[in-house]
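Read off the chains here:
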Amino acid sequence: MIKLSGPSKFILLITVGIFISEVVVMGIIATMDSLPYLQLSVVDATLMILLATPLLYFFSLRPLLKVIAEREAEIAQRRQTEAQLRIQTKALETAANGVIVTNKDGKIIWANQAFAQMTGYSVAEVLGKSPNFLNSGVHDADFYKRLWETITSGTVWHGEITNRRKDGTYYIDEQTITPVFNSSGEIENFIAIQQDVTERKHAENALLESEEKFRALADWTYDWEVWLDPQGDIVYMSPSCERISGFHPEEFVANSNLLLEIIHPDDKQFYQEHQRALHNEATGPLTVEYRIIARDGSEHWIEHICRPLLGKDSRYLGRRISNRDITERKRAEKDIKEREENQHLLTQTIHTMQIDIARDLHDTVGQNISFLRMKLDHMVETGLLANPDIALDLKRMNEVANESYDMIRGTLAVLQLEDTNDLSHLFARYAAQIEERSSFAIDFASHGNPRPVSPSQMRQLFYVFREVLSNIEKHANASQVSLDLTWEEKYMTLVIFDNGRGFDSTNSQYDGHYGLQFIRDRLDSLNGSISIYSAVGSGADIIIHVPYK
């Protein structure tokens, strides 16, 4: 059977319609043969138009109009589709992400400018190529094999690929590859949408490294670190809590009351009061101390330091808490306190003994020597003994008695000190005693912060001080003596000046006048030194340096 095309069918219908119309009209005309030819022609034309027009409309014009309408609709739809395609193409061409379209064999048939900028290749350079020209060598063959198997199976693939640009630099490409099917359900193309995420990945890696460092630092900190959110819930607790309390961080997170439960019973009320301040956003840094009972029943002292935790935008994030185990420090403080109390008690006892010894010296030896001095002074002054040798011995005995008396008074001054380390007070008291019986005035001054002096040091320094004043009293014939004790960083300095008659310090014989051997022996035992500056008629300067022990 012959199948006619559209135009042939249309012509056939017109011909058949005209034929049928003509047959009908000629039949009607045949019945009107009595009419004149002109009238018959008018009737023929009229009937032909009346019959042919509907036939032509229904069999030819109406299908033609329908075809024209369909063609116009098709053209409008095509124009709309083309406009939409132009918009979509423009959008793809100007998209920030790289886009490529490949055929089913993976050859690039289209690429946008973003892809060209990302890779460094022009669009013309990549057309017809497989995307493997971007292979950086970072991924192995199995990676690309799995990718190809995924998309050829009709599944969308999403992941990251490290590619290499035209200039050889590497970049990280986040891709989504989508298979495109035709009307028969077969894969025709693949569309790959790509984004350069190199900077983002570097930032993420840097953040991960920073977080890892923070986590390592926080997890390995020796103190027990806690972060509480504004509601008082635990955000973070360092593993060192187990070392101090015996409980794991997870146990504190699971039981919000565990922190309070391990507080020593005597400190619970204090800690609860502290908690009320702890959860107040306006509360500043606080430092408190309390005790906890560890899992094994041992008691630990905790130094608890908490402070508000604020974000970059000054948003309140809760509080950071540092708990430090100060049990050993507390024990040491207790031991020190007990030793200090014992030392204080011992010092009081020794001072009481010193007072008793001083009283005994004063009441016995002191009074006896005072009586002996008085008798010797009387005998010397009255000249009762005519023998010159006996008189000279008597005078020497009187001098010895006076020196013994001075020694006892100095010893009494040491024993009666409230603070046995107060060298300045000792020197001042002894200088005042010498000034009472001597013909010269003494000006004593102490500079700087006094340092502790051991009893042995104090005794030797007192002997040196006493010997110098004794020699000034015996030999200098001075009217004014100044004493300056200076406490320096590494040693003490004693400067003694008198305005007496002086002596020739370049003459080695002056040792016999000032008892320098005695003084030097004492200073040698202290690792000290002495310097003397004097001239006849201009007094003397004595400078003594003694290092601290």
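Up top is the structure these notes are about.
Note that residues are indexed from 1 along each chain, following the sequence as it is written. Only residues with pLDDT of at least 70 get local features here, since the model is predicted, and only at 80 or more are side-chain atom pairs given and counted; chain-wide, interface and lining totals rely on the full set of residues. Values reported for side chains reflect all heavy atoms of the structure, with hydrogen atoms and water molecules removed beforehand.

S.K.: Which parts of the structure should I look at to understand the environment of Asp 443?
M.R.: Only runs of H or I of at least four residues qualify as helices and only runs of E of at least two qualify as strands under DSSP, and these elements are numbered from the N terminus. The residue Asp 443 is located in strand 11 (residues 441-447) in this model. Residue exposure (1.4 Å probe, protein chains only): buried if accessible area is under 20% of the type maximum, exposed if over 50%, otherwise partly exposed. Residue classification places Asp 443 among the partly exposed residues on the basis of a relative accessible area of 46%. When near neighbours in sequence (up to four residues on either side) are disregarded, Asp 443 contacts Gln 480, Val 481, Ser 482 and Leu 483. Throughout, a contact is declared for two residues whenever any of their heavy atoms are within 4.5 Å.

S.K.: I tried to follow the sheet that holds strand 8 (residues 286-293) on my own but got confused; where do I start?
M.R.: Note: strands within a sheet are paired through backbone hydrogen bonds, in either parallel or antiparallel orientation. For two strands to be treated as a pair, DSSP must find no fewer than two bridges joining them. The sheet built from 5 strands is open, its strands ordered 7-6-10-9-8 with antiparallel pairing. Both outer strands of the open sheet, strand 7 (234-237) and strand 8, are each paired with one neighbouring strand and no more. On average, adjacent strands in this sheet sit at an angle of 25 degrees to one another, irrespective of strand direction. Across 3 bridges, strand 6 (residues 224-228) lies against strand 7 in antiparallel orientation. Paired with Leu 228 across the two strands is Ile 234, which belongs to strand 7. Each axis is a line fitted through C-alpha atoms, and for a helix only the stretch in contact is used; angles between axes span 0 to 180 degrees, taken between their N-to-C directions.

S.K.: How should the packing of aromatic side chains be read in this particular structure?
M.R.: By convention here, two paired aromatic rings are described through the distance between centres and the angle between planes. Pairs were defined over the aromatic rings of Phe, Tyr and Trp, the Trp ring being its six-membered one, requiring ring centres within 6.5 Å. Orientation was assigned from the angle between planes: stacked under 30 degrees, edge-to-face over 60, tilted for the rest. Tallied over the full model, the rule gives 12 aromatic pairs. Between Tyr 271 and Tyr 290 the ring centres are 5.1 Å apart and the planes differ by 70 degrees, which places this aromatic pair in the edge-to-face class. Here Tyr 271 is found in helix 10 (residues 268-278), whereas its partner Tyr 290 is found in strand 8, with 19 residues between them in sequence. Look at Tyr 271 and you get buried, because its relative accessible area is 4%. On the basis of relative accessible area, Tyr 290 is assigned to the buried category, the value being 4%. Here the aromatic rings of Phe 462 and Tyr 463 are separated by 6.3 Å at their centres, their planes lie at 50 degrees, and the arrangement is tilted.

S.K.: Help me out: how do you make sense of the side chain of Asn 163 in this one?
M.R.: In this fold, Asn 163 is placed in strand 3 (residues 157-164). Accessibility expressed as a relative area gives 5% for Asn 163, which makes it buried. Engagement of the side chain of Asn 163 in a polar contact is seen with the side chain of Asp 173, the distance being 3.4 Å. Asn 163 has contacts with Leu 134, Ser 136, Thr 169, Tyr 170, Tyr 171, Asp 173 and Gln 175, leaving out every residue within four places of it along the chain. Pairs of N or O atoms are called polar contacts if they sit within 3.5 Å, as long as, within protein, a hydrogen donor faces a hydrogen acceptor (for residues adjacent in sequence, only side-chain-to-side-chain pairs).

S.K.: Help me understand the sheet that holds strand 1 (residues 98-103) in this model?
M.R.: Sheet architecture is open: 5 strands sit in the order 2-1-5-4-3, paired in antiparallel fashion. Of all strands in the sheet, those with a lone pairing partner are strand 2 (108-111) and strand 3, marking the two edges. For this sheet, the mean angle separating the axes of adjacent strands, direction not counted, is 30 degrees. Most of the contacts of helix 5 (residues 141-152) go to strand 3, to which it runs at about 140 degrees, and overall it touches strand 3, strand 4 (170-181) and strand 5 (187-196).

S.K.: Would you mind showing me how to read unusual backbone geometry here?
M.R.: Peptide bonds are, in most cases, trans, and in most cases residues other than glycine have a negative phi. A positive phi angle, near 55 degrees, is found at Asn 477, a position not held by glycine. On the secondary structure map, Asn 477 appears in the loop between helix 14 (455-476) and strand 12 (480-487). Residue classification places Asn 477 among the exposed residues on the basis of a relative accessible area of 64%. The phi torsion at Asn 527 lies on the positive side, around 60 degrees, for a residue other than glycine. Here Asn 527 lies in the loop between helix 16 (516-525) and strand 14 (529-534).

Geometric descriptors of this kind do not, in isolation, establish any biological role.
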